[in-house]
Amino acid sequence: MEKIVLPDIKDFHLIDVYVNNGGYSAAKKAFGQTPDDIIDQVKKSGLRGRGGAAFSAGLKWSFMPKTTDKPKYLCINGDESEPGSFKDRQIFEFNPHQLIEGILIAAYAIHAKITYVYIRGEYHKWVKLFQKALDDAYAAGYVGDKMKDTFGTDFSVNIYVHKGAGAYICGEESSLMNSIEGKRGYPRVKPPFPAQNGLWGCPTTINNVETITNVPPIINKGWEWFSKIGEPKHPGTLLFGVSGHVNKPGVYELPSGVLLTDLIYNIAGGVPGNKKILCVIPGGSSMPPLRGDQLEGVKMDAESLKAAGSSIGTGGVMVMDEDTDLVKVLARISKFYHHESCGQCTPCREGTGWLQKTLDRIARGEGSTKDLDLLISIASNIEGNTICALGEAAAWPVRFTVTRFRDYFEARVGKSVELPVANKVHSMRHTAIPLAEIKN
Amino acid sequence: MEFKFTEENLKKIEEVLKKYPEKKPAVMPVLYIAQEQNGFISGEAMAEVASVLEMTKEDVLGVVTFYTMFHQKPVGKYHLQVCTNVSCMLRGGYRIYDYVREKLKIENGGLTEDNLFSLEEVECMGSCGTAPMIAVNEDFYENLDLEKVDQILESLKQKN
Ligand SMILES: Cc1cc2nc3c(=O)[nH]c(=O)nc-3n(C[C@H](O)[C@H](O)[C@H](O)COP(=O)(O)O)c2cc1C
Ligand code: SF4
Ligand code: FES
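Residues numbered from 1 in each chain as written. Chains lettered and ligands numbered in written order. Predicted model: local features only at pLDDT ≥ 70, side-chain atom pairs only at ≥ 80, totals over all residues. Heavy atoms only, no water.

### Some remarks on the site of ligand 1
Residues and elements named next belong to chain A. If you check the shell around ligand 1, you find 18 residues, and the closest are Gly51, Lys60, Asn207, Asn208 and Thr211. Contacts to ligand 1 include Gly51, whose backbone N or O atom sits 2.7 Å from an oxygen atom. Within the backbone of Glu80, a nitrogen or oxygen atom sits 3.0 Å from an oxygen atom of ligand 1. The protein chains hide 89% of the 610 Å² of surface that ligand 1 would expose on its own. Looking at which element gives the most residues to the shell around ligand 1, the answer is strand 4 (residues 204–208), with 3 residues. Tallied by class, residues from the shell around ligand 1 come to 4 nonpolar, 8 polar and 6 charged. (Near = heavy atom within 4 Å. Polar contact = N/O pair within 3.5 Å; in protein donor to acceptor, adjacent residues only side chain to side chain. Areas by Shrake-Rupley, 256 points an atom, 1.4 Å probe, with all protein chains shown as cover. Helix = DSSP H or I, 4+ residues; strand = E, 2+ residues; numbered from the N terminus. Nonpolar A, V, L, I, M, F, W, Y, C, P; charged D, E, K, R; others polar.)

In structure tokens form, the structure reads like this:
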């Protein structure tokens, strides 16, 4: 299978290798066409955002106003802080130039002269790796003022890295913009949307790292080619980060629509000890979990997962075997969202705290059946009542886990059982693969 | 303690300012520079950042307190960040965390008496596929077991 985002080419992260393999030719091709043509091709390709909401990239670009004197901005979202997500760091490390080339094309399409690449603060190493690639691209004249000579075009764009500092909420697009502006990372009330009122009140487009890395091949090989890969309604390949109880955790690039069971059992090597699967979260920790007996036939793309009662999210597949203490897992997830709530909206700020407290109580064996209904009620009161989608991100896992695993939770309330959740340190060591090999 | 940026760092700040149409957006990168120079972000450092960027001290404080990676008190020479979020938890993250706590006899947010190690329980670091993990300052150590944790702590102690 051909890989689009993380191709199997040795040293592809080096500018010379990238250029020798046709790198930066898509940008040149794009600059020979009109921005509207580019938007049209990306629309027709069916490319959908890889940052969580799976929104059409071309359509998003088309929202940028055409008649305005204000500067326009592109922001690349590399905040990657959703538990279970670890794909964008692979792009920073193994294919940074394709991301840079994608930025050139996207910026051209939306008339942006400045792009900020927001990278989470903890990714010190990947900030450095990406900055090195960016410096090389500047030196070679592919970015910045020299573009005019290199590509023979009037268009030029500057690309700057903005490093986060440890706040999950800054992955939310309006919070990300406030963070770049030097403010606390509070999400903004929408509307107005970023295309109208983004960075410094100017039209702004925000896209995920993986989304933009798909763009150069689409321009080079054509939208028809791309639209035929994987599931027609969500075409292309996706980077799946598989973690938890599998023999070969890692990031795998596969066509959309791959069977979840194939991904777990064939690609990621199955479950250690051939244990049964209790639960899978298919798209990062804020997405509804699936029961082990719900996995058969589930395909990994936005539409199929929606039909199965979950969501593709960021493609972070978290696998839990039958010995997992799901109450502790859910309590840990709730602790995360409580910690990361920015505190602007009462339902989110207070609700996430109650969720955590109630789940901790159940985990200690001091819960009662009433607590299960209480959890559902708290979750429902958060959903739809907040400024940003962190509210849903906190509520969904609770509501869906408690509903889908009702028996499990009922058996658990009132009883304190020591299920071994964290006993895997020694048993699985031989299977974990080093970072450098993940790509294969 | 008084805080003034070094000449070298003032030059770095000048470079940073070129990225943005105004001064305020430079607050995060400039706070990083202050933290690197001072070890943590003191009240004096915040005042200096505010003056360099023409912001109010309150605005700078607001930013510092919003982000977990800006430290308002000293951390150890080696700041250990152990992830206990789900993917790590499933592969022994809490075993690692508890082990480090017991071994160094410090709790979350604590600092050893010799100022060598500080400990922080952190949220997902993007190492879920190579879990469990500890970050030591800026470096990630992944695919850990207790034996490897021992080796890491020993080698850091040896360096001093
Ligand atoms: C709480 C929260 C956290 C988010 N974190 C990220 C993130 O880390 N990376 C990302 O690309 N998108 C994240 N998103 C989604 C962004 O708001 C935005 O939809 C996305 O970056 C758009 O890019 P795309 O259309 O290319 O997917 C997050 C959303 C929410 C509500
Ligand atoms: S929903 Fe939560 S994270 Fe989002 S703005 Fe409201 S309080 Fe902040
Ligand atoms: S859960 Fe620990 S790195 Fe993701």
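Let's pick the thread back up.
### Regarding the confidence of the model for chain A
Residue and element names in this part refer to chain A. When pLDDT is averaged across chain A, the result is 94; 94% of the residues are at 70 or more. This model gives residues 416–420 a pLDDT under 50, and the stretch forms 10 contacts once residues within four places in sequence are excluded. Low pLDDT (under 50) marks residues 422–440, which in the prediction has 59 contacts with non-local residues, meaning those over four places away or in another chain. (pLDDT = per-residue confidence, 0-100. Contact = heavy atoms within 4.5 Å.)

### Re helix 17 (residues 369–382) of chain A
Residues and elements named next belong to chain A. Over its 14 residues, helix 17 extends 21 Å from the first C-alpha to the last, a length consistent with the 20 Å expected when each residue adds 1.5 Å. Listed in full, the buried residues belonging to helix 17 are Asp371, Leu372, Leu375, Ile378, Ala379 and Ile382. Looking straight down helix 17, one finds its buried side chains confined to an arc of 125°; they lie on one side. Packing partners of the buried residues in helix 17 comprise helix 16 (346–363), helix 18 (390–404) and helix 19 (406–412). Looking one or two places after helix 17, you find Gly384, whose phi comes out positive at around 80°. (Expected span 1.5 Å × (residues − 1). Buried < 20%, exposed > 50% of the residue type's maximum accessible area, 1.4 Å probe, protein only. Arc of directions from axis to C-beta.)

### Structural notes on the pattern of salt bridges
Pairing between side chains of opposite charge can happen when their charged atoms approach one another. All names here are of chain A. For the structure on display, the rule yields 39 salt bridges over all chains. With its nearest N and O atoms 2.9 Å apart, the salt bridge here joins Asp293 to Arg291. Arg291 sits in the partly exposed class, given a relative accessible area of 29%. Between Arg349 and Glu350 there is a salt bridge, and its shortest N-O distance comes to 3.1 Å. Exposure remark for Arg349: the relative accessible area of 34% places this residue in the partly exposed category. Residue class for Glu350 comes out partly exposed when judged on its relative accessible area of 32%. (Salt bridge = Lys/Arg side-chain N within 4 Å of Asp/Glu carboxyl O.)

### Quick look at the sheet that holds strand 5 (residues 237–244) of chain A
Residue and element names in this part refer to chain A. The sheet built from 5 strands is open, its strands ordered 6-5-9-7-8 with mixed pairing. If you trace the sheet from one side to the other, it starts and ends with strand 6 (250–255) and strand 8 (290–291), each paired once. Together, strand 5, strand 6, strand 7 (277–281), strand 8 and strand 9 (316–321) form the strand contacts of helix 13 (residues 260–267), whose direction differs from that of strand 7 by roughly 115°. (Pairing = 2+ DSSP bridges. Axes fitted to C-alpha atoms, helices over the stretch in contact; angles between N-to-C directions.)

### Observations concerning the sheet that holds strand 2 (residues 114–119) of chain A
Residues and elements named next belong to chain A. One open sheet holds the 4 strands; their spatial order is 3-2-1-4, and the pairing between them is parallel. Of all strands in the sheet, those bounded by a partner on one side alone are strand 3 (158–163) and strand 4. Pairs of neighbouring strands in the sheet enclose a mean axial angle of 20°, with direction left out of account. Bridge count between strand 1 (residues 73–78) and strand 4: 5 bridges; the pairing is parallel. Directly across from Leu74, in strand 4, lies its bridge partner Thr205. Across the sheet, helix 9 (residues 173–180) lies against strand 1, strand 2, strand 3 and strand 4, angled at about 105° from strand 2, the strand it touches most.

### Quick word on the interface of chain B and chain A
Contacts between chain B and chain A engage 50 residues on the former and 70 residues on the latter. Here chain B packs against chain A, burying approximately 4,700 Å² in sum over the two surfaces, 58% of which is carbon and sulfur. Summed over the three residues of chain B that lose the most area to chain A, namely B:Phe66, B:Leu90 and B:Arg91, the buried surface amounts to 17% of that side. Viewed at the interface, chain A and chain B are joined by 4 salt bridges. (Buried area = accessible area lost by both parts, 1.4 Å probe.)

### Some thoughts on the pairing of strand 9 of chain A
Residues and elements named next belong to chain A. Across the 6 residues of strand 9, 6 count as buried, placing the element largely inside the fold. Of the pairings in the sheet, the one linking strand 5 to strand 9 comprises 4 bridges and is parallel in character. By the bridge assignment for strand 9, Gly241 is matched with Gly316.

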